[in-house]
Protein chains: 2
Amino acid sequence: MITLHLHKSDLVGVPLGHHAADSIRDAILQGSLRPDERLVESAIASQLNLSRGPVRDALRQLALEGLVVIVPRRGTFVSRLDRADIREISTLRAVIEGLAARFLAVRRDQAAVDQLEECLNAMAEAGDADPVRFATFDLKFHETLVRASGHRRLYHSWANLRTQIWMFIRETRLGNLRSAEGTREFHQTIVRAIRAGDAAEAERAARHHSESTGPELEDYLTR
Amino acid sequence: MITLHLHKSDLVGVPLGHHAADSIRDAILQGSLRPDERLVESAIASQLNLSRGPVRDALRQLALEGLVVIVPRRGTFVSRLDRADIREISTLRAVIEGLAARFLAVRRDQAAVDQLEECLNAMAEAGDADPVRFATFDLKFHETLVRASGHRRLYHSWANLRTQIWMFIRETRLGNLRSAEGTREFHQTIVRAIRAGDAAEAERAARHHSESTGPELEDYLTR
DNA sequence: TTTCTGCAAACTGTTAACGGTTTTCCGTTA
DNA sequence: TAACGGAAAACCGTTAACAGTTTGCAGAAA
């Protein structure tokens with residue numbers, strides 16, 4: 001039994017289901033909801049002081065993000081990732097980010113490139129000393145990349161993987177599976193290609209980078 | 001004002017929302033619901049003889065598929081595709097099917113290859129004489145490709161694009177934007193690479209094929 | 001005529017209750 | 001002791017009603 005927290009910015013025009021999804025997502029990320037654990041709609045509804053309707057919406061959204069699995073007429077359960085899942089997420093993510101890098105290289109959007117470099121700087125500052133900050137800007141780099149591609153459907157697809165990507169990045173850093181400096185160099189290669197307008201190289205570099213995180217994690221996360 | 005039809009196989013264990021989604025999807029495909037038209041939950045609910053709950057589920061699903069757009073507190077509207085949308089769909093579809101072809105080439109799943117060739121045969125039979133049958137097996141070819149890749153998330157992503165892909169394939173055929181024989185040859189190139197286990201070539205061929213449909217359609221559909 | 005203002009109708013977001021299926025638990029039997 | 005069966009509780013899918021916001025329209029003002 002755990003306590004879910006309703007986020008601060010309530011009573012705005014945002015559907016209640018969004019807050020519910022945020023709360024449950026945080027609980028899964030934080031680890032207070034464990035894999036295979038059952039999520040009962042009515043229990044969550046009463047913990048969050050709302051009715052089952054918005055909670056159902058939230059669970060649908062989290063299922064879309066891959067954090068939970070809904071079994072019709074049975075219930076909703078927190079996902080458990082096996083090696084195949086990690087492989088799927090990293091390969092899917094890789095082609096999405098690869099295509100995004102290609103689009104961005106073609107667009108020559110200077111403001112976006114600046115943002116990417118801000119992320120690189122923040123990552124350099126954080127280094128190995130502040131892994132969480134490093135990971136935060138690592139994720140922000142990738143989000144900026146896909147968002148600035150101007151490809152809305154691509155961004156939506158990526159956004160649905162975001163939380164699982166975050167888990168990957170976080171664990172890679174906390175588990176010291178790869179040096180911070182090496183990670184940053186990968187990102188720099190991508191930015192260089194984008195700045196040069198080299199679409200093929202941008203795609204290759206982004207895809208290779210994202211895909212390479214998979215094998216590193218397979219042993220670590222499924223341990 | 002149009003009439004929506006509840007599909008035959010009712011009163012089974014399938015959520016009502018699925019039937020509602022099927023009915024609305026058909027109406028959009030058939031053209032009785034036009035782009036920008038507003039979809040009112042209560043109106044659909046009474047036409048389908050059910051309550052707003054399942055209808056809301058259905059609209060969420062159709063929004064995921066890109067057939068409608070939900071504006072919070074405003075309502076749900078049938079999507080209107082512009083050139084950017086067509087470009088987005090064909091490029092996204094292309095990297096998905098490309099990765100699927102790569103996975104399938106590696107798996108060497110003979111049963112799947114057989115299914116692909118059955119589709120090719122059916123397409124050859126239909127030729128230019130039966131465009132709808134040709135398009136049906138064209139779609140089935142691509143669905144089989146992605147499904148047999150064994151990459152579940154890839155298939156889910158593809159499935160969410162399915163209806164729009166179907167629209168593309170159907171219009172390409174009905175508008176005679178490309179010869180049936182040429183289309184079949186494209187598919188054969190993909191199958192050859194998969195049978196040879198040439199992952200790189202399978203990916204290249206599948207991606208190129210899917211992406212090439214975009215520019216052909218841009219003029220036609222947004223006319 | 002055109003623009004503004006306020007009211008009424010309509011619609012979405014949310015809630016609470018119902019019905020039927022699934023799960024759990026306990027007593028019985030082998 | 002272990003396996004089975006059935007009743008009771010729990011829970012999901014669905015429905016109907018409520019509340020607040022948005023939209024559309026009618027009449028007033030310019």
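The preceding data block contains the structure.
**Remarks on the interface of chain B and chain A**
Move 1: Each partner contributes residues to the interface: chain B has 16 residues there, and chain A has 16 residues.
Move 2: Among the elements of the structure, helix H4 (83-107) and helix H7 (152-174) of chain B are those that each provide at least two residues to the side of chain B that touches chain A.
Move 3: Ranked by the residues each element gives to the side of chain B that touches chain A, the list is headed by H4(B), at six residues.
Move 4: Split by residue class, the side of chain B that touches chain A holds seven nonpolar, four polar and five charged.

**Examining the environment of Leu64(B)**
Residue and element names in this part refer to chain B.
Move 1: Here Leu-64 shows up in helix H3 (residues 52-64).
Move 2: By C-beta crowding, Leu-64 is classed as partly exposed, having 17 other C-beta atoms within 10 Å.
Move 3: Once the C-alpha coordinates of Leu-64 and His-156 are considered, the two residues, 92 residues apart in sequence, prove to be 11 Å apart.

**So, the sheet that holds strand S1 (residues 38-39) of chain A**
Residues and elements named next belong to chain A.
Move 1: On the basis of which strands lie adjacent, the open sheet formed by three strands has the order S1-S3-S2 and antiparallel pairing. Among the strands making up the open sheet, the edge pair consists of S1 and strand S2 (68-71).
Move 2: Relative to strand S3 (residues 75-78), S1 is paired through two bridges, and the arrangement is antiparallel. When the bridges of S3 are listed, Arg-38 appears paired with Phe-77.
Move 3: Against the sheet, helix H3 (residues 52-64) engages S1, S2 and S3, with an angle of about 115° to S2.

Quick notes on the rules
Residues numbered from 1 in each chain as written. Chains lettered and ligands numbered in written order. Predicted model: local features only at pLDDT ≥ 70, side-chain atom pairs only at ≥ 80, totals over all residues. Contact = placed C-beta atoms within 7 Å. Helix = DSSP H or I, 4+ residues; strand = E, 2+ residues; numbered from the N terminus. Nonpolar A, V, L, I, M, F, W, Y, C, P; charged D, E, K, R; others polar. Buried ≥ 20, exposed ≤ 12 C-beta atoms within 10 Å, placed from the backbone. Pairing = 2+ DSSP bridges. Axes fitted to C-alpha atoms, helices over the stretch in contact; angles between N-to-C directions.

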